[in-house]
Amino acid sequence: MDIQNVFVIGAGQMGSGIAQVFAQSGFRVILHDMNESAVDRGINSIQKLLLRAVEKERITEENKEAILSRITLSTDLQDARNTDLVVEAVIENIDVKKEIFTELDKIAPADAILATNTSSLPITDIASVTNRPEKVIGMHFMNPVPVMKLVEIIRAIQTDEETYETIAEVTKKLYKTSVQVNDFPGFVANRILMPMINEAIYTVYEGVATIEDVDTVMKLGMNHPMGPLTLADFIGLDTCLYIMEVLHDGFGDSKYRPCPLLRQYVQAGWYGKKTGRGFYTYD
């Protein structure tokens, strides 16, 4: 299947990044969110990143304008009626996603592929609410999308080979590297990453070491580019907690039990960088 028109749902950090990389690779993109202020924030974010790329001489001003010309803004889900591929990137909530996919199934062309950027939720369950489960797939981009090279392609139990091959080829056109993953809680990236972050939080909770020292151990001892607690703040502690709960519920194994300190920070509204406070304080 030849993919030319892409409909991205969700103009937040992930959705705007996904829209940007598609537009940079020559695809025509519609960036959708529920209201104009949300899509305006999304396109402003893209413009800032592209302007920075021009200033660093990574692209030309002409390149920037060409990329932006391929992005259209939308607040009406009906605009998905002429798309080849939908990439959903909204809040990590299974009920919200299933509601969106139920509507998309009615609007998007029958041969359009419906992809979700979920980082942990079951693709099989999301696919089940559509009349085209074989055309539903996970396309999990890493954050920040314009920088990170990896995409996890997650096959629901219903996903057919043509859909997988199409998305694998699209991923190559985005200059990303894909890995094929089966539909299990947390997939690969978060099944490995989140328990590590959770264990780092436990070491602070139990008084083994300070926040700064835990991060220093992982940076200098394990050669990680940033410490796990800094990374947790960057991801969002609310997101970390949600994914740990998905893992705990999905596997029923106590090793995935979220640390009480993580729950307490989320209850306090300390989500990390996006709220100005998490394990560290941000201006």
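The name an unreviewed UniProt entry gives the protein is 3-hydroxybutyryl-CoA dehydrogenase, with Pseudogracilibacillus auburnensis as the organism. According to its UniProt record, the protein has this under Pathway (unreviewed entry): "Lipid metabolism; butanoate metabolism." Of the comments in the UniProt record for the protein, the one headed Sequence similarities (unreviewed entry) reads "Belongs to the 3-hydroxyacyl-CoA dehydrogenase family."

> Would you mind showing me how to read the overall build of the protein here?
In terms of regular secondary structure, the protein is built from 11 helices and 8 strands. Referenced to the eigenvectors of the C-alpha coordinate spread, the extents of the protein come out at roughly 55 × 45 × 30 Å. Here the protein holds 283 residues, and 47% of them are scored as buried. For the protein, the accessible area works out to roughly 13,800 Å², and carbon and sulfur atoms hold 51% of it.

> I keep staring at the UniProt feature "binding site: NAD(+)" (unreviewed entry) in the protein and nothing clicks. Help me out?
In the numbering used here, UniProt assigns the feature "binding site: NAD(+)" (unreviewed entry) to Gly10, Ala11, Gly12, Gln13, Met14, Gly15, Asp33, Glu92, Lys97, Ser119, Asn143 and Lys274. A stretch of 265 residues holds the annotated residues, and the largest C-alpha distance among them is 22.5 Å, long enough that they do not meet in one place. In this structure, the second largest pocket is lined, among the annotated residues mentioned, by Gln13 and Asn143. Mapped onto the elements of the fold, Met14 is located in helix 1 (residues 13–24). Not counting residues within four places of it along the chain, the set of residues in contact with Met14 comprises Asn117, Phe141, Met142, Asn143 and Val145. With respect to the secondary-structure elements, Glu92 resides in the loop between strand 4 (85–88) and helix 4 (94–107). Excluding residues within four positions of it along the chain, Glu92 makes contact with Lys97, Thr118, Ser119, Ser120, Leu121 and Tyr242. Polar contacts involving the side chain of Glu92 include one to the side chain of Thr118, which spans 2.7 Å.

> Please clarify how the pairing of strand 7 (residues 150–155) should be interpreted in this entry.
The side chains of a regular strand alternate between the sheet's two faces. The element strand 7 is largely enclosed, with a buried count of 5 among its 6 residues. Bridge analysis of strand 6 (residues 136–141) against strand 7 gives 5 bridges, and the strand direction is antiparallel. Among the inter-strand pairings, His140 is bridged to a residue of strand 7, identified as Glu152. Inspection of the sheet shows strand 7 paired to strand 8 (residues 177–182) by 6 bridges, in the parallel sense. Looking at strand 8, one finds that Val151 is bridged to Ser178.

> Is there a simple way to explain the pairing of strand 1 (residues 5–9) in this structure?
Across the 5 residues of strand 1, 4 count as buried, placing the element largely inside the fold. Pairing between strand 1 and strand 2 (residues 28–32): 5 bridges, direction parallel. Following the sheet pairing, Ile9 is matched in strand 2 by His32. Each parallel crossover has a hand, and the one from strand 1 via helix 1 to strand 2 is right-handed. In this sheet, strand 4 lies alongside strand 1 in parallel orientation, the contact comprising 4 bridges.

> Would you explain the nonpolar core in this entry?
Side chains of a nonpolar character, in soluble globular proteins, are inclined to be buried together. Counting 36 residues, the largest nonpolar core has Phe22, Leu85, Val87, Met139 and Phe141 as its most contacted members. Among the elements that take part in this core, helix 1 stands out by supplying 6 residues, more than any other. Ignoring anything within four residues of it in the chain, the contact list for Met139 reads Phe22, Val87, Ala115, Thr116, Asn117, Val151, Glu152, Ile154, Ile167, Val170, Thr171 and Leu174. Membership of the second largest hydrophobic core comes to 23 residues, among which are Tyr202, Ile211, Leu241 and Tyr256.

> Please explain the pattern of salt bridges as it appears in this structure.
A side chain with one charge may pair with a side chain of the opposite charge, provided their charged atoms come close. One pass over the structure, following the stated rule, counts 11 salt bridges. Across the pair Arg263 and Glu245 runs a salt bridge, and its minimum N-O distance is 2.8 Å. Of the two residues, Arg263 is situated in helix 11 (residues 260–267) and Glu245 in helix 10 (residues 237–251); the sequence distance between them amounts to 18 residues. Using a relative accessible area of 34% as the deciding quantity, one classes Arg263 as partly exposed. Linked through salt bridges whose partners overlap, the residues forming this network are Glu61, Lys64 and Glu65.

Rules used throughout
Residues numbered from 1 in each chain as written. Predicted model: local features only at pLDDT ≥ 70, side-chain atom pairs only at ≥ 80, totals over all residues. Heavy atoms only, no water. UniProt positions renumbered as here; feature names shortened; annotations may be inferred. Helix = DSSP H or I, 4+ residues; strand = E, 2+ residues; numbered from the N terminus. Buried < 20%, exposed > 50% of the residue type's maximum accessible area, 1.4 Å probe, protein only. Areas by Shrake-Rupley, 256 points an atom, 1.4 Å probe, with all protein chains shown as cover. 1 Å grid on protein atoms, 1.4 Å probe; cavity = no way out; pocket = protein on both sides within 12 Å on 5 of 7 lines; lining within 4 Å. Contact = heavy atoms within 4.5 Å. Polar contact = N/O pair within 3.5 Å; in protein donor to acceptor, adjacent residues only side chain to side chain. Pairing = 2+ DSSP bridges. Right-handed = clockwise from strand over helix to strand, strands pointing away. Core = buried A, V, L, I, M, F, W, Y, C linked by side-chain atoms within 4.5 Å. Salt bridge = Lys/Arg side-chain N within 4 Å of Asp/Glu carboxyl O.

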